[in-house]
Amino acid sequence: MSYKLGDVILSREAISRRVKEIAEQIAKDNGKDKSLVVVGILTGAAFFLTDLVREMPEDMDIRVDFMSVASYGDSTTSSGIVRIFHDLKSSIEGKNVVVVEDIVDTGLTLSHLLDLLKNRNPASLKVCVLLDKKERRKTEVKVDYCGFSIPDEFVVGYGLDCAGMWRHLKDIKGVIEE
Ligand code: PRP
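Let us look at the structure shown here.

Conventions we followed
Residues numbered from 1 in each chain as written. Predicted model: local features only at pLDDT ≥ 70, side-chain atom pairs only at ≥ 80, totals over all residues. Heavy atoms only, no water. Core = buried A, V, L, I, M, F, W, Y, C linked by side-chain atoms within 4.5 Å. Buried < 20%, exposed > 50% of the residue type's maximum accessible area, 1.4 Å probe, protein only. Helix = DSSP H or I, 4+ residues; strand = E, 2+ residues; numbered from the N terminus. Contact = heavy atoms within 4.5 Å. Phe/Tyr/Trp six-rings, centres within 6.5 Å; stacked < 30°, edge-to-face > 60°. Near = heavy atom within 4 Å. Polar contact = N/O pair within 3.5 Å; in protein donor to acceptor, adjacent residues only side chain to side chain. Expected span 1.5 Å × (residues − 1). Pairing = 2+ DSSP bridges.

1. Details of the nonpolar core
Then, in step 1: Ranked by internal contacts, the top residues of the largest apolar core, which has 28 residues, are Ile26, Phe48, Leu52, Val100, Cys128, Leu131 and Ile172.
Then, in step 2: Those elements giving two or more residues to this core turn out to be helix H1 (12-30), strand S2 (36-42), helix H2 (45-54), strand S5 (96-104), strand S6 (124-132) and strand S7 (145-149).
Then, in step 3: When residues of this core are assigned to their parent elements, the largest contribution, six residues, is made by H1.
Then, in step 4: Setting aside its immediate chain neighbours within four residues, cysteine 128 contacts Ile22, Ile26, Phe48, Leu52, Val98, Val99, Val100, Glu101 and Tyr145.

Listed below in structure tokens is the structure:
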């Protein structure tokens, strides 16, 4: 099967506006004077996270950390058993933490990851996703901040890939399978 880029589903302007709104909401909820650890789940969320934190107040105490995980399963179905390739550099014990994901689909990856992070005793643990494919959910995940709910369509760009390709697109586009 070959793939072609389709129409713009979410424009860079729409993404940028929403990212700003979410950043303001997170900063407001956290309290500007309190520190916050923003945890990005590689690779897709790196793009969203870097834009998101740059929209937060300059005088806020923000730390950025990353994890690289993959859930066991085939290329399209995650099993929910998460394997850690790269763990956080710092402890999150007693910290306010927001986990940033590009997309939540079945919810299995996030659900397992949240259980794992909860065991490290953060003061609070919230979830921020750019895209939510609600109709694909297999397990309940509490999403505290959501950029956009989207239907079950194959999309790429702004961190989302198709076999590793097209993460660098500024807009989120559909994919045509041929
Ligand atoms: C994507 C996404 C989530 C997961 C969501 O990661 O970033 O981690 O899939 O799927 P789920 O809700 O069905 O568990 P992917 O494995 O594609 O890695 P990537 O970020 O490196 O592209």
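2. Observations concerning the packing of aromatic side chains
Then, in step 1: Counted by the stated rule, this structure contains one aromatic pair.
Then, in step 2: Arranged with centres 5.9 Å apart and planes meeting at 85°, the rings of tyrosine 3 and phenylalanine 154 form a pair that is edge-to-face. With tyrosine 3 in strand S1 (residues 3-10) and phenylalanine 154 in the loop between S7 and strand S8 (155-156), this pair connects stretches of sequence that are 151 residues apart.
Then, in step 3: Its relative accessible area of 35% is what places tyrosine 3 among the partly exposed residues.

3. Focus: the site of the ligand
Then, in step 1: Near the ligand, the surroundings consist of 15 residues, among which Glu101, Asp102, Thr106, Gly107 and Thr109 are the closest.
Then, in step 2: Interatomic distance of 3.0 Å between a backbone N/O atom of threonine 43 and an oxygen atom of the ligand.
Then, in step 3: Note that an oxygen atom of the ligand is positioned 2.5 Å from one of the side-chain N or O atoms of threonine 106.
Then, in step 4: Only S5 and helix H3 (108-118) provide two or more residues apiece to the shell around the ligand.

4. A closer look at H1
Then, in step 1: In this model H1 runs 27 Å from its N-terminal to its C-terminal C-alpha over 19 residues, within 8% of the 27 Å that 1.5 Å per residue would give.
Then, in step 2: Taken together, the buried positions of H1 are Ala14, Ile15, Val19, Ile22, Ala23, Ile26, Ala27 and Asn30.
Then, in step 3: Two residues or fewer past H1, glycine 31 is found with a positive phi of approximately 90°.

5. A word on the sheet that holds S8
Then, in step 1: Taken in spatial order, the three strands of this open sheet run S1-S9-S8, and their pairing is antiparallel. Here the strands that pair on one side only, and so sit at the sheet edges, are S1 and S8.
Then, in step 2: Here S8 runs beside strand S9 (residues 172-177); their pairing, made up of two bridges, is antiparallel. Following the sheet pairing, valine 155 is matched in S9 by glycine 174.

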